[in-house]
Amino acid sequence: MQHQIKTAARRFGVTPIIALGYGLYYVSDTWNSRFETQGYGALCAAILGVLAVFLAVRALRQGMTAVAIAEWVAVRPKVLRDHRWAIAMTLSLAAYVWAQQAVGFLPATGAMFLWLLFFLKAGSVPKVVALAAMLTALAWVILLKLLNVPLPSGPFGS
Amino acid sequence: MISVFSDVLPILLTGLPLIAVGVAVGVVAGALPGFGASNTLIVLFPLTLHMEVNSALILMTALFVGVRFGGAMPAILINVPGTASGAVTALEGFPMSKLGLAGTALGVALIASAIGSFASGAIAIVAAPVIARVALEFGAPEIFALAIFSIVMVGQIAGEDRIKGWFAGAAGLLIGSVGVDPMWGTERGTFGFIELFDGIPVIAALVGLFAMAEVLEMAQSIRAKTRHAARVVKETIAERARGILDGARYGLHKPVDLARSTAIGSFVGALPGAGANIASFLSYQQAVTFSPTAEDQAKFGKGNPRGIIASESADNACASGALVPMMSLGIPGSASTAVLLLVMTAHGLNVGPRLFAEHTVTAYAMLGAIPIAAILLLVIGFGASFVAARLAQIPAPIIAAAIAVFALAGAYAARYLMFDVFLAIAFGVLGYIMRREGYPPQAMLIGIILAPVVEANFFIGLRQGFGSPEIFVTRPIAIGIWIVMIASVVYIAHKKKRATSRRAEDER
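Residues take numbers from 1 onward in each chain, read along the sequence in its written order. Here chains are named by letter from A upward and ligands by number from 1 upward, in the order in which they appear as written. pLDDT decides what is reported in this predicted model: residues at 70 or higher carry local features, side-chain atom pairs at 80 or more are listed and counted, and totals for whole chains, interfaces and linings draw on all residues regardless.

**Re the overall build of chain A**
If you tally the helices and strands in chain A, you get 8 helices and 0 strands. In this text, helices come from DSSP runs of H or I with a minimum length of four residues, and strands from runs of E with a minimum of two, each type numbered from the N-terminal end. Traced from its N-terminal end to its C-terminal end, chain A shows the element sequence α-α-α-α-α-α-α-α. Burial statistics for chain A: of 158 residues in total, 32% are counted as buried. When contacts within chain A are restricted to residue pairs at least 6 apart in sequence, long-range pairs at least 24 apart make up 65% of them. Exposed residues have 12 or fewer other C-beta atoms within 10 Å of their own C-beta, buried residues have 20 or more, and partly exposed residues fall in between, where C-beta atoms are placed from the backbone. Contact between two residues is assigned whenever their backbone-derived C-beta positions fall within 7 Å.

**Re the overall build of chain B**
Of the regular secondary structure elements, chain B holds 23 helices and 2 strands. At 22 Å, chain B has a C-alpha radius of gyration in line with the 23 Å of a compact globule built from 508 residues. Overall, the C-alpha framework of chain B stretches about 70 × 60 × 45 Å when taken along its three principal axes. Within chain B, contacts between residues separated by at least 24 positions form 81% of all contacts whose residues are at least 6 apart in sequence. Every radius of gyration here is taken over C-alpha atoms, with the globule rule written as 2.2 Å times N^0.38, N being the number of residues.

**Digging into the interface of chain A and chain B**
Listed by partner, the interface residues are 51 residues for chain A and 52 residues for chain B. Secondary structure elements with two or more residues in the side of chain A that touches chain B: helix 2 (15–30), helix 3 (35–61), helix 6 (84–103), helix 7 (105–119) and helix 8 (125–146) of chain A. Amino acids outside the nonpolar list (Ala, Val, Leu, Ile, Met, Phe, Trp, Tyr, Cys, Pro) and the charged list (Asp, Glu, Lys, Arg) are all regarded as polar, and Gly is one of them. Across the side of chain A that touches chain B, the residue classes break down as 34 nonpolar, 12 polar and 5 charged.

**A few points about unusual backbone geometry**
The bulk of non-glycine residues show a negative phi, and the bulk of peptide bonds are trans. Residue and element names in this part refer to chain B. With a phi close to 60 degrees, Tyr416 is a non-glycine residue in the positive phi region. Along the polypeptide, Tyr416 turns up in the loop between helix 20 (396–415) and helix 21 (418–437). Positive phi, close to 50 degrees, is recorded for Phe466, a residue that is not glycine. Residue position: Phe466 is located in the loop between helix 22 (441–464) and helix 23 (476–507). Using a count of 8 C-beta atoms within 10 Å as the deciding quantity, one classes Phe466 as exposed.

**Overview of helix 6 (residues 102–135) of chain B**
All names here are of chain B. Take the residue count of a helix, subtract one, and multiply by 1.5 Å to get its expected span. With 34 residues, helix 6 extends 46 Å from end C-alpha to end C-alpha; this agrees with the ideal 50 Å at 1.5 Å per step. Bend is computed residue by residue as the angle between axes fitted to the seven residues ending at the residue and the seven residues starting at it. A maximum bend of about 25 degrees is found in helix 6 at Ala124. Burial runs high along helix 6: 27 of the 34 residues are buried.

**A few points about the nonpolar core**
Buried Ala, Val, Leu, Ile, Met, Phe, Trp, Tyr and Cys residues whose C-beta atoms connect them within 7 Å together make up a nonpolar core. Leu206(B), Ala373(B), Ala401(B) and Ala407(B) are the most contacted members of the largest nonpolar core, which totals 230 residues. No other element matches helix 6 of chain B, which puts 18 residues into this core. Non-local contacts of Ala401(B), meaning those with residues more than four positions away in its chain, are made with Phe113(A), Leu116(A), Leu117(A), Leu120(A) and Leu135(A).

**Some words on the packing of helix 6 of chain B against helix 10 (residues 237–252) of chain B**
All names here are of chain B. All axes here are fitted lines through C-alpha atoms, helices being fitted over the stretch that makes contact, and every angle between N-to-C directions spans 0 to 180 degrees. Relative to each other, helix 6 and helix 10 sit at 45 degrees, their axes nearing to 6 Å. By the angle class used here, helix 6 and helix 10 are oblique. Our pair here, helix 6 against helix 10, has a crossing hand that is right-handed. When helix 6 is examined against helix 10, the residues Ala102, Gly103, Thr104, Ala105, Leu106, Gly107, Val108, Leu110, Ile111 and Ala112 are found in contact with a partner set consisting of Glu239, Arg240, Arg242, Gly243, Ile244, Leu245, Asp246, Gly247, Ala248, Tyr250, Gly251 and Leu252. In terms of residue class, the contact of helix 6 with helix 10 is built from 12 nonpolar, 6 polar and 4 charged. Relative orientations are named as follows: roughly parallel for angles under 35 degrees, roughly antiparallel for angles over 145 degrees, roughly perpendicular for angles from 65 to 115 degrees, and oblique for any other angle. The hand of a helix crossing depends on one turn: near helix anticlockwise from the far one by less than a right angle means left-handed, and clockwise means right-handed.

**Notes on the packing of helix 7 (residues 140–158) of chain B against helix 22 of chain B**
All names here are of chain B. In the contact formed by helix 7 and helix 22, the axes pass within 8 Å of each other and the chain directions differ by 155 degrees. When the axes of helix 7 and helix 22 are compared, the pair comes out roughly antiparallel. Between helix 7 and helix 22 the crossing geometry is left-handed. Here Ala140, Pro141, Ile143, Phe144, Ala147, Ile148, Ser150, Ile151, Val154, Gly155 and Ala158 of helix 7 lie close against helix 22, whose contacting residues are Gln442, Ala443, Ile446, Gly447, Leu450, Val453, Val454, Asn457, Phe458, Ile460, Gly461 and Gln464. When its residues are assigned to classes, the contact of helix 7 with helix 22 shows 16 nonpolar, 7 polar and no charged.

**As for the environment of Gly13(A)**
Residue and element names in this part refer to chain A. Here Gly13 lies in the loop between helix 1 (2–11) and helix 2. Overall, the presence of 20 C-beta atoms within 10 Å leaves Gly13 in the buried class. Separated by 118 residues in sequence, Gly13 and Leu131 place their C-alpha atoms 39 Å apart.

**Some remarks on helix 2 (residues 16–31) of chain B**
Residue and element names in this part refer to chain B. A rise of 1.5 Å per residue sets the reference length of helix 2, with its 16 residues, at 22 Å; its end C-alpha atoms lie 23 Å apart and thus fit the reference within 8%. Across the 16 residues of helix 2, 12 count as buried, placing the element largely inside the fold. Listing the buried residues of helix 2 in full gives Leu18, Ile19, Gly22, Val23, Ala24, Val25, Gly26, Val27, Val28, Ala29, Gly30 and Ala31.

**Observations concerning the confidence of the model for chain B**
All names here are of chain B. pLDDT gives the predictor's per-residue confidence on a scale running from 0 to 100. Confidence in the prediction for chain B averages 85 pLDDT; 94% of positions are at 70 or higher. Looking over chain B, one finds the lowest element-wise mean pLDDT in helix 19 (residues 388–392), namely 71, and the highest in helix 21, namely 93. The ipTM assigned to the predicted complex is 0.89, against a pTM of 0.80.

Printed below as a string of structure tokens:
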């Protein structure tokens, strides 16, 4: 059964669910509008639907029975746990972007480098601090001084 | 033509330092495992936004050339390919290193890369304007067919499963049409975000699907401890220098191998979807087949420098070959050429058949930078060969942290909107999931980039046909494109099936 679940997951996956969900939203959003507004999106969504049916039929042939689908859904929390480091990274990135708006680019970037290097186990504390300082200085030189990108300045003015 | 040459030459001469910087940065970035050609271009994208158009394009083109050789160095020295096509180089390069011939292998790779880039750059200079002139005759149905052809081919080749590839491409076509429709200006699929009314910011999608997804992948593998330390083969500086020169001499004495691999690379590069790894594998297979003696053939896999010539010259030629359809038709066949296309459009260039007519000097300056970059690669690559092993051993956490911050800054720099940065992270999550499930993000990216072209030409074609879709399948050139597309799909599927059954037989 475990093999069946793995096969089903590999054969279909979460990607088509996300894409089809968005396709449905897109089509419903443009429903009843002019052909030039909705026609193209509806065509793409229809192609996505047909390809998803292909994928689903193939998965069914590979043994994706109703029980296997239920088990596949049931193991999602475990899968989330298995990918916890990627999830933590995503949350760190989102927090970094938010922090930039709150405290400015440079302090947020310094803190981000420090956190990432700790999180990714780049070495001892002094090494991590030195590396973070070096990378922050590099970001400051390239993005703020050389390129003059108007990144958020925040209350600390950088 | 002479007046164009006299306009382009000063641009290239004044741009020499930029070309050198581009090659050097490309070589270094290519040597970093996990960085890859497209990630390098993405991270450096914001650099070009503030530059003058010619400077930006020759810098990016030089980078495009340098990164190919950069990927070969860690493949040869520590068996860790910096790029996908470097895996083929590793098949022969690393055994040579173990035999104490690392310098020779690097020399062979260097000369093959430089000659491959130089020759295919020259081919591109001749071929791209000719194709563009032919493409000027194309109408909406032909352009529509070409764009679909490109997405179908990328979908078919980019991943292991063609249905998933096509699914990713179709999803890209849908996502790429978000925003106001081109005919009536009604907004679609934006979730009400005003920032999406102008369409999906392609830079954010690109940064997310590639750079952010790579960062998430790195975080997962570093913390889950699935990365392994590489073993380094040591050589003194004098031995390395002697070896590189010997290798370069060896490469120069194999003109037939160089010509064959360059031709294969240039041809494969011009095909949408068929990236450098396919060119390298195909060229390597041909090198084995055309091996002059049984003895020489038996050496493949154990350190045959002919294998490195085949892989490296095809890899570099493929990169320049891929510029031909991108510049002449406006259709990128890979993630790296997609980034170059975005750099060009960010500078207001109309990429496609009219490029050579409207921006003649800029287009030729960009292509002219390739042979110059190839010559500079000989010098810069020679120097980089001495520090390559150290570059390849820069710890993954530092690379991941640097990509994260610089790539996100790139997403911001395109429109100066924090919204784009959050969008890049969302695309990163999507890219991470897609990679894990075997849906190729390249296909989605090409779909997103080509969606406006597909949609506009779809409706223009329908109007030309007075509402009937027949026009898409009745004009001779369009019919030709559809036939080539179907034939390619069937041929590739047949080849894949044969390879799978042969593998199954071997296993039995």
